[in-house]
Every structure is written in structure tokens, then in C-alpha cells.
Amino acid sequence: QVQLVESGGGLVQTGGSLRLSCVASGRTGLIANMGWFRQAPGTEREFVAAISWLSPTTHYAGSVKGRFTISRDNTKTTLFLQMNNLKPEDTAAYYCAASQRDPSISKNDYGYWGQGTQVTVSS
């Protein structure tokens, strides 16, 4: 099993920045890919960004490309999401997820999920 714990959410004004972190523990050797998803009330959980644990390859949703940056530390136990130029439509609960498949941009590929951290962007 893999355990994931997110942190770094909060309230920010339009145009501001936040950095989310996700610490992985347990059987981290199972991880081939990690990603961030988000879910606003009444909507489906949607893909935000993903990064391979096996190579530097990254993927982004079109709505965040150029504003968000996904990265990981060299120990491959911590995932980050740097979010710049935030917009009210970025308001959502953000979830960290881990997959044994690479690449993975579908939420159906991810078997391990964190509890989520709330990001609220005020206009």
C-alpha cells in the first residue's frame, strides 16, 4: 500500500500563487507515476498534471499549462504543484494520486489517493 498526504492549500486572491506538496510513504517502490487532480463541488474529478517517476516526462491539462508546474524531489517521495497566476476557476479540492502505470492521465489509472487539500481563489 501507498499512503499520500497533501498540504499547502489555502485562500489566495486572483493572480496569487500557492505550492502544494504531497508526501508518499509505504510501498513507494510501486509508484511509476504521480499526479494531481481537482474537484469542484458538483463536478467530476479532473486531471491537472502528472509526472513520471521513471523519467522527467510531465503532462498538463490545457487549462493550467503555463501557470502550474509539477515536480518531485530526488528521493521520489514528495510531489509538488506550483500554482501561479491563480484564477477563481481554479477553486477546488486538490488531490494527489499515485499510479503503477506510466504514463497515467486518467483517474482510472490511479490506485492510491490522498485526502485532498482545499484551494480557494477569491476574485
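Everything that follows concerns the structure shown earlier in this document.
What you see is a predicted model; the values in this text were computed from it and never measured. (Residues numbered from 1 in each chain as written. Predicted model: local features only at pLDDT ≥ 70, side-chain atom pairs only at ≥ 80, totals over all residues. Heavy atoms only, no water.)

Visitor: Explanation requested: the pairing of strand E3 (residues 18-26) in the structure shown.
Guide: Put simply, side chains in a regular strand alternate between the two faces of the sheet. Pairing of strand E1 (residues 2-7) with E3, which is carried by six bridges, proceeds in the antiparallel orientation. Bridge pairing in E3 links Glu 6 to Cys 22. (Pairing = 2+ DSSP bridges. Helix = DSSP H or I, 4+ residues; strand = E, 2+ residues; numbered from the N terminus.)

Visitor: Quick question: what am I supposed to make of the nonpolar core here?
Guide: General note: in soluble globular proteins, nonpolar side chains tend to be found buried as a group. Core analysis: the biggest nonpolar cluster contains 34 residues, and Leu 4, Met 34, Trp 36, Leu 79, Leu 81, Met 83 and Tyr 94 have the highest contact counts within it. Excluding residues that lie within four positions of it along the chain, Met 34 makes contacts with Leu 4, Cys 22, Ala 49, Ala 50, Ile 51, Trp 53, Ile 70, Leu 79, Cys 96, Ala 97, Ala 98 and Tyr 110. (Core = buried A, V, L, I, M, F, W, Y, C linked by side-chain atoms within 4.5 Å. Buried < 20%, exposed > 50% of the residue type's maximum accessible area, 1.4 Å probe, protein only. Contact = heavy atoms within 4.5 Å.)

Visitor: It is not clear to me how the sheet that holds E1 should be interpreted in this structure. Could you clarify?
Guide: By definition, the strands of a sheet pair up through backbone hydrogen bonds, in either a parallel or an antiparallel sense. Taken in spatial order, the four strands line up as E1-E3-E8-E7 in an open sheet, and their pairing is antiparallel. Looking at strand neighbours, the two that pair on one side only are E1 and strand E7 (68-72), the edges of this open sheet. Neighbour-to-neighbour, the strand axes of this sheet turn through a mean angle of 15°, independent of strand direction. Bridge analysis of E7 against strand E8 (residues 78-83) gives five bridges, and the strand direction is antiparallel. Note on E8: the bridge partner recorded for Arg 72 is Leu 79. (Axes fitted to C-alpha atoms, helices over the stretch in contact; angles between N-to-C directions.)

Visitor: Is there a simple way to think about the packing of aromatic side chains in this case?
Guide: Any pair of aromatic rings gets described here by the distance separating the centres and the angle formed by the planes. A full pass over the atoms with the stated rule returns four aromatic pairs. Aromatic side chains Phe 37 and Tyr 110 sit 5.1 Å apart centroid to centroid with 75° between the ring planes, which places their arrangement in the edge-to-face category. With a gap of 73 residues between them, Phe 37 in strand E4 (residues 33-39) and Tyr 110 in strand E10 (residues 110-113) connect regions that are remote in the sequence. Members of the aromatic cluster, each reached through a chain of ring pairs, are Phe 37, Phe 47, Tyr 110 and Trp 113. The ring of Trp 113 carries Arg 45 above its face, with NZ or CZ at 4.9 Å from the centroid. (Phe/Tyr/Trp six-rings, centres within 6.5 Å; stacked < 30°, edge-to-face > 60°. Lys NZ or Arg CZ within 6 Å of the ring centre and 35° of its normal.)

Visitor: Can you help me understand the side chain of Asn 33 in this one?
Guide: Looking at the element boundaries, Asn 33 is found in strand E4. Engagement of the side chain of Asn 33 in a polar contact is seen with the backbone oxygen of Ser 104, the distance being 3.4 Å. Sequence-distant contacts of Asn 33, defined by excluding residues within four places in its chain, comprise Ala 50, Ile 51, Ser 52, Trp 53, Ala 97, Ala 98, Ser 99, Arg 101, Asp 102, Pro 103, Ser 104 and Tyr 110. (Polar contact = N/O pair within 3.5 Å; in protein donor to acceptor, adjacent residues only side chain to side chain.)

These figures capture arrangement, not role.
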